[in-house]
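Structural characterization, general
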Amino acid sequence: MRDNEMFEPVYRDIFPFWKELSESDKNFICQNSLALTYPKGTHIHDGNECSGVIFVRSGCLRVYILSDSGKEVTLYRLYPGEMCMLSASCVLQTVTFDVLVDAEENSECYVIAGKAFSDVSERNKDIKIFALETAVGRFSDVMWVMQQILFMSMDKRLAVFLSDELSRTGGDTVALTHEQIAKYMGSAREVVSRTLKYFAGEGIVEVSRKGIKVCNKKRLRELTV
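Read on for an overview of the structure. Model, not experiment: these values are computed from the prediction.

1. Side note on the packing of aromatic side chains
Following the criterion strictly, the structure yields 13 aromatic pairs and no others. Centroid distance Phe-15 to Phe-17: 4.9 Å. Interplanar angle 20°. Geometry classified as stacked. For the pair shown, Phe-15 and Phe-17 are each scored as buried. Aromatic side chains Phe-15 and Trp-18 sit 6.3 Å apart centroid to centroid with 25° between the ring planes, which places their arrangement in the stacked category. Each member of the pair Phe-15 and Trp-18 is classed as buried.

2. Description of the pattern of salt bridges
Pairs can form between side chains of opposite charge whenever their charged atoms are close. Summed over the entire model, instances satisfying the criterion amount to 16 salt bridges. Put simply, Arg-77 and Glu-104 hold a salt bridge, and the shortest N to O gap is 2.5 Å. Within this pair, whereas Arg-77 is found in strand S5 (residues 72-78), its partner Glu-104 is found in the loop between strand S7 (100-103) and strand S8 (107-112), the two being separated by 27 residues in sequence. Across the pair, Glu-104 and Arg-77 agree in class, each one buried. Between Lys-115 and Asp-119 there is a salt bridge; the shortest N-O distance is 3.0 Å. You can see Lys-115 and its partner Asp-119 sitting in helix H3 (residues 114-121), 4 residues apart, about one turn around the helix. The exposure class of Asp-119 is partly exposed, given its relative accessible area of 26%. Because the salt bridges share partners, they merge into one network encompassing Arg-77, Glu-104, Glu-105, Glu-165 and Arg-168.

3. A short note on the environment of Ala-103
Looking at the element boundaries, Ala-103 is found in strand S7. Measuring from C-alpha to C-alpha, the distance between Ala-103 and Leu-78 comes to 9.5 Å, with 25 residues separating the pair along the chain. In this structure, Ala-103 is in contact with Tyr-38, Pro-39, Lys-40, Gly-41, Thr-42, Ile-44, Cys-60 and Leu-61, ignoring residues within four places of it in sequence.

How each quantity is defined
- Residues numbered from 1 in each chain as written.
- Predicted model: local features only at pLDDT ≥ 70, side-chain atom pairs only at ≥ 80, totals over all residues.
- Heavy atoms only, no water.
- Phe/Tyr/Trp six-rings, centres within 6.5 Å; stacked < 30°, edge-to-face > 60°.
- Buried < 20%, exposed > 50% of the residue type's maximum accessible area, 1.4 Å probe, protein only.
- Salt bridge = Lys/Arg side-chain N within 4 Å of Asp/Glu carboxyl O.
- Helix = DSSP H or I, 4+ residues; strand = E, 2+ residues; numbered from the N terminus.
- Contact = heavy atoms within 4.5 Å.

What follows is the structure, encoded as structure tokens:
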């Protein structure tokens, strides 16, 4: 299958500027695109390079920051149909903080080389506008995470995290270790374990090797308010 036949139908749907591009620019972007599969746990972007524009076809990617001491804070996740612009630093040169991207599940993605996307954006202001709007749209997620870390109590933060996970998976059990939850929340494992012990004592959750089962969703929701 030629590059255009694989990528152009998708790009036509997701890029509002696509119809404004010349045929040569469309071909250039398609020729500089790759269909990649990332196994769960793959480190995709380390913040120090222009990995390119990542479009998620299936699976889930986690976007996070890393402190000097090695503490991870999850900023947001990307699901099918969503796009990561922060991995293309050569396109968004005004974004100066580094983010990292991992595959949280087995994921299939289309990746447009950052330099190719940047070169075409220099000839088309609509691409730059789209890139900035896409990135800015994610800053509300980033600010929500910062608000939780700075202003919310730990029990409320953990209740929000568990509620979000249940909404995402549609079940009643969060199949994550205390260490994983702490990493996602930017906290310490001991703090997460202590808070879960309190939740268990209140009859809100049951903690086992299989994960955290939420027994009282109503009480959990009350803690998020």
